[in-house]
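If you want the building blocks of each chain, they are given just below.
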Amino acid sequence: MDRTIADLRQDYSLQELDEKSINGNPLVQFRMWFDQAIAAELPEPNAMTLATCSSDGKPSARMVLLKDFDERGFVLFTNYNSHKGQELTINPHAALVFWWAQLERQVRIVGGVEKISPQESDGYFEVRPHSSRLGAWASNQSEVIPHREFLQSKLLELEQKYENQLIPRPPHWGGFRVIPQQIEFWQGRSSRLHDRLLYTRLHNHDWKIERLSP
C-alpha cells in the first residue's frame, strides 16, 4: 500500500531539554546548540527561515543564511531593495526558525530588526568570494528579468569592469540584525510530548524562562 502524507511520522527520542541543563542566557544556549550542529556536520547549520510581513500584514518566508550572531542579535545580509529587504525596512519585525533534523531540534526567534552599520557590512562584503561580490552588483534581487542570459550578460560586463580591481560594496546591499525579544528552544521527545523552553526578554534586559506545553 502506498503511504500517504498522513502516514509520515517519526518518533523523537535522542535527547531531552530541561531547566536545570540550560544556560540562563539564550544567546549562550544558542551558541552551544549551534556548535553542536556544526560538530554533527549537518548540512548548512546556519540555514534559517526568515519570516517578514508587509505594511498591510501579508506574511512571506524564505530560507536565508545566518552570517553572525552575538549578544546584540542575529545578522543576515541581502539586497536592501529585495522583497525581504523592503519588508524589513517598512515593517522592522521578523521571525527566524532553525531546524536541525538530525538532532531533533528547532529554535524559533522573534524580534525587532535594524540595519547594521555600513562599516559592518563593508567588513563582511570584503571577505565574500569574488563571484559573490560580483553577484551582488549583477542581481537586482526580486525584480523580474526576461531570461537567464540577461543575468549572465550583466555578470560578464561586471567581470570585465572589475578585472584586477577591488569590488566595492553596492550601496543597496548590506546587513540586517534581528534583535531577539523571544527565543524558543524545542527538543523533540517521544509521543509528541516535546520539550519547549521559551526565553522572553524583560525590561531590565534579563531573561524569563518558561516551559511551554507541546
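You'll find the structure just up there.
Residues numbered from 1 in each chain as written. Predicted model: local features only at pLDDT ≥ 70, side-chain atom pairs only at ≥ 80, totals over all residues. Heavy atoms only, no water.

Trainee: How do you make sense of the packing of aromatic side chains when you look at a structure like this?
Mentor: Each pair of aromatic rings is reported with the distance of its centres and the angle of its planes. In this structure the tally under the stated criterion is 19 aromatic pairs. Ring plane angle 10 degrees and centroid distance 6.2 Å describe the contact between Tyr 124 and Trp 173, whose orientation is recorded as stacked. You can see Tyr 124 sitting in helix H3 (residues 118-127) and its partner Trp 173 sitting in strand E7 (residues 173-187), a full 49 residues away along the chain. Centre to centre, the rings of Phe 185 and Tyr 199 are 5.5 Å apart; their planes meet at 70 degrees, and the pair counts as edge-to-face. Placement of the pair is Phe 185 in strand E7 and Tyr 199 in strand E8 (residues 195-201), with a sequence separation of 14 residues. Judged by relative accessible area, which is 1%, Phe 185 ranks as buried. For the cation-ring pair, Lys 115 lies above Tyr 80, with the distance from its terminal atom to the ring centre recorded as 4.1 Å. (Phe/Tyr/Trp six-rings, centres within 6.5 Å; stacked < 30°, edge-to-face > 60°. Helix = DSSP H or I, 4+ residues; strand = E, 2+ residues; numbered from the N terminus. Buried < 20%, exposed > 50% of the residue type's maximum accessible area, 1.4 Å probe, protein only. Lys NZ or Arg CZ within 6 Å of the ring centre and 35° of its normal.)

Trainee: Just to check I follow, could you spell out the pattern of salt bridges for this structure?
Mentor: A pair can form between side chains of opposite charge whenever their charged atoms are brought close. A complete count under the given rule lists 13 salt bridges for this structure. Arg 31 is the salt-bridge partner of Asp 35, the closest N and O atoms lying 3.6 Å from each other. With a gap of 4 residues between them, Asp 35 and Arg 31 both fall in helix H1 (residues 26-39), about one helical turn apart. Taking relative accessible area as the criterion, Asp 35 reaches 37% and is therefore assigned partly exposed. With relative accessibility at 38%, the residue Arg 31 sits in the partly exposed group. Notably, a salt bridge pairs Arg 177 with Glu 114, separated by 3.2 Å at the nearest N-O pair. (Salt bridge = Lys/Arg side-chain N within 4 Å of Asp/Glu carboxyl O.)

This is a description of form; function is not addressed.
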